[in-house]
Amino acid sequence: MAKARTTYVCSSCGYTSAKPLGRCPNCQAWNSFEEEVPAVTTAARGGAYGGITGGRLTPLSGVGRREEPRTPSGIPELDRVLGGGLVAGGVTLIGGEPGIGKSTLLLQVADKVAAGGGTVLYVAGEESLEQIRLRADRLGVKAEIQLTRDTRAEHVAALMAEHKPALCIVDSIQTVTVEGDGAPGGVAQVRDGTALLTRAAKETGTATVLVGHVTKDGTVAGPKVMEHIVDTTVFLETVGSYRLLRSVKNRFGQAGELGVFEMRGEGLIAVENPSAAFLAERPLDVPGSVVAATIDGQRPMLLEVQALASKTPYPNARRVVVGLDARRVDVVLAVLERRLDLTLGGLDVYVNLAGGLKVPDPGLDLAIALAIYSAVVGRPLPDSVAVFGEVGLAGEVRSTTGSIRRAEEARRAGYTRLIVPPGLDGHPDGVKSVEEAVAQVWGGAPASGRKPRAAAERT
């Protein structure tokens, strides 16, 4: 019989190696490799397939259609991200930095579900029951929640089978242990614990939420197979004073949905109008400020693109970009210099997406162009203007994804003049180029400090 080959797995990212390494080449973590001995295959036990016969086959036409029932979480922003609510038997993995509010949000959800008549099982692996009680008092939790400190996966599965709760929260999956070798938080323990709890959730119809640690690069710690086992993966991240809940995988809905929350003394409070929140501090009648309609994930929002141009004291002008794709900003700068003959060589240019968001959206190109142009010539945009559109190398303005939703969000916020690509319903006079966009905003020909390049070449 062939000897089982030992492999070594990184506990941070799941990278496998034939030998232990001091530093993981994938996530750069130090001393993170753990030994893992694979199970003996059926072929090694005897025969090509170990004497096992095939199972029963079911044709697709013989499989019934069933819509998975959903339980509202009581928090509309969370239901939006999950695609309508918690799915019975569905397993959700939520990740985020320590202290960002994962436990706070889930305790609020537990209160809402329990108040609606559902049984909630809360597995406390990282905090004492007294700590959870203190947080519940601060959040104003009144409903009855069943708590346990037993983090053995077999025992948690037994509790789910016995009580059949509507919701089970495991905080966190890295503290769950499975009978066998390995310390809690190890690769094998996290993988096997996730698989066992997922199987229990499917059998009992319990909506299960697993809290996962994150590595220094922001990904969920543990083997990557853990994210393949669960049905939904969401991340909670910090943006200024707000918390963004973003879905990156969803078997029961559309991935990419975004929810916006604000951390207050009473917990995480949903922000119903993110556009108004991110534009609340926007200065008026200031050159270089443009309202841009963007889409983050699947959610349309209005954000402020800021630009500042100043004479450089250095031999080489600086280009500083915050919150946007720096390479796309370089393309827009080149288009402005070539197509609008705008002098930028002796200017430091700073471009910022206000609010702390990072949005790599090509639809922000036109807003970036108008913000830079406004900062250079010193002419502010009218307060009623909102902008979106992609800019090509020829200076043309191209259509973007979700144009209708962007325009509807801008109109809902009260912006009556939209500078958009051509072909959008209700805007047949859309701009075809950056030159037309400048003329439509301020009227007349684009301002520049010298003769247009095309005219100079003709003479």
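Here we summarise the structure given alongside this text.

How each quantity is defined
Residues numbered from 1 in each chain as written. Predicted model: local features only at pLDDT ≥ 70, side-chain atom pairs only at ≥ 80, totals over all residues. Heavy atoms only, no water. Helix = DSSP H or I, 4+ residues; strand = E, 2+ residues; numbered from the N terminus. Buried < 20%, exposed > 50% of the residue type's maximum accessible area, 1.4 Å probe, protein only. Phe/Tyr/Trp six-rings, centres within 6.5 Å; stacked < 30°, edge-to-face > 60°. 1 Å grid on protein atoms, 1.4 Å probe; cavity = no way out; pocket = protein on both sides within 12 Å on 5 of 7 lines; lining within 4 Å. Points joined across faces, edges and corners; volume = space filled by probe spheres on them. Nonpolar A, V, L, I, M, F, W, Y, C, P; charged D, E, K, R; others polar. Salt bridge = Lys/Arg side-chain N within 4 Å of Asp/Glu carboxyl O. Pairing = 2+ DSSP bridges. Axes fitted to C-alpha atoms, helices over the stretch in contact; angles between N-to-C directions. Contact = heavy atoms within 4.5 Å.

Turning to the environment of Ala334, a few remarks are in order. Mapped onto the secondary structure, Ala334 falls in helix H9 (residues 326–339). Look at Ala334 and you get partly exposed, because its relative accessible area is 44%. Expressed as a C-alpha distance, the spacing of Ala334 and Gly395, which sit 61 residues apart in the sequence, is 9.6 Å.

Following the criterion strictly, the structure yields three aromatic pairs and no others. With 6.4 Å between their ring centres and 85° between their planes, Tyr15 and Phe33 make a pair best called edge-to-face. Placement of the pair is Tyr15 in the loop between strand S1 (7–10) and strand S2 (16–17) and Phe33 in strand S3 (residues 33–36), with a sequence separation of 18 residues. Taking relative accessible area as the criterion, Tyr15 reaches 34% and is therefore assigned partly exposed. Residue class for Phe33 comes out buried when judged on its relative accessible area of 13%.

Turning to empty space enclosed by the protein, a few remarks are in order. Tallied over the full model, the rule gives three cavities of 30 Å³ or more. The volume enclosed by the largest cavity comes to roughly 100 Å³. In terms of lining residues, the largest cavity is bounded by 14 residues, among which Gly85, Leu86, Val87, Thr92 and Thr232 are the most central. Of all the secondary structure elements, the ones that give two or more residues to the lining of the largest cavity are strand S5 (86–87), strand S6 (91–96) and strand S10 (207–212). Sort the elements by how many residues they give to the lining of the largest cavity and S10 lands first, with three residues. Each residue belonging to the lining of the largest cavity can be placed in one class, and the counts come to seven nonpolar, six polar and one charged. Of the volumes computed, that of the second largest cavity is approximately 80 Å³. What lines the second largest cavity is Leu78, Leu82, Leu86, Thr92, Ile94, Leu105, Leu106, Val109, Val209 and Val234. Sorting the residues of the lining of the second largest cavity by element identifies helix H2 (76–82), S6 and helix H3 (102–115) as the ones contributing at least two each. Among the elements that make up the lining of the second largest cavity, the one with the highest residue count is H3 (three residues).

For the rest of this paragraph, the subject is the pattern of salt bridges. Applying the stated criterion across every chain yields a total of 17 salt bridges. Residue Asp231 pairs with Arg251 through a salt bridge whose shortest N-O separation is 3.0 Å. A residue pair is termed long-range when its members are at least 10 positions apart, and Asp231 in the loop between helix H7 (225–229) and strand S11 (232–239) and Arg251 in the loop between strand S12 (242–250) and strand S13 (258–264) qualify at 20 residues. Put simply, Arg406 and Asp361 hold a salt bridge, and the shortest N to O gap is 2.8 Å. With a gap of 45 residues between them, Arg406 in helix H11 (residues 403–412) and Asp361 in the loop between strand S18 (347–353) and helix H10 (365–377) connect regions that are remote in the sequence. Exposure class is identical for Arg406 and Asp361. Each is buried. Residues joined by salt bridges that share partners form a network here, namely Lys202, Asp231 and Arg251.

Okay, the sheet that holds S10 next. By definition, the strands of a sheet pair up through backbone hydrogen bonds, in either a parallel or an antiparallel sense. As summarised here, the arrangement of the nine strands in space is S8-S7-S9-S10-S6-S11-S12-S13-S14, forming an open sheet in which the pairing is mixed. Two strands lie at the open edges of the sheet, namely strand S8 (146–148) and strand S14 (267–270), each paired on one side alone. The sheet shows a mean angle of 25° between the axes of neighbouring strands, taken without regard to direction. Bridging between S12 and S13 involves five bridges; their strand directions are antiparallel. Each bridged residue has a counterpart across the sheet, and for Tyr242 the counterpart in S13 is Glu262. Packed on one face of the sheet, helix H5 (residues 153–163) meets strand S7 (120–124), S8, strand S9 (167–171) and S10 and runs near 170° to S7.

Omega for the peptide link from Asp171 to Ser172 comes to 10°, which places this bond in the cis form. Turning to its location among the elements, Ser172 is positioned in the loop between S9 and helix H6 (187–204). Non-glycine residue Asn31 carries a positive phi angle of around 50°. Along the chain, Asn31 falls in the loop between S2 and S3. You can call Asn31 exposed: its relative accessible area is 70%. With a phi close to 55°, Asp285 is a non-glycine residue in the positive phi region. Within the fold, Asp285 resides in the loop between helix H8 (274–278) and strand S15 (289–296). On the basis of relative accessible area, Asp285 is assigned to the exposed category, the value being 55%.

What follows covers the pairing of S9. Where burial is concerned, most of S9 is hidden: five out of the five residues are buried. Bridge analysis of S7 against S9 gives five bridges, and the strand direction is parallel. From the neighbouring strand, Tyr122 faces S9, where its bridge partner is Ile169. In the sheet, S9 pairs with S10 via five bridges, with the strands oriented parallel. Within S10, the position partnered with Val170 by the bridge is Leu210.

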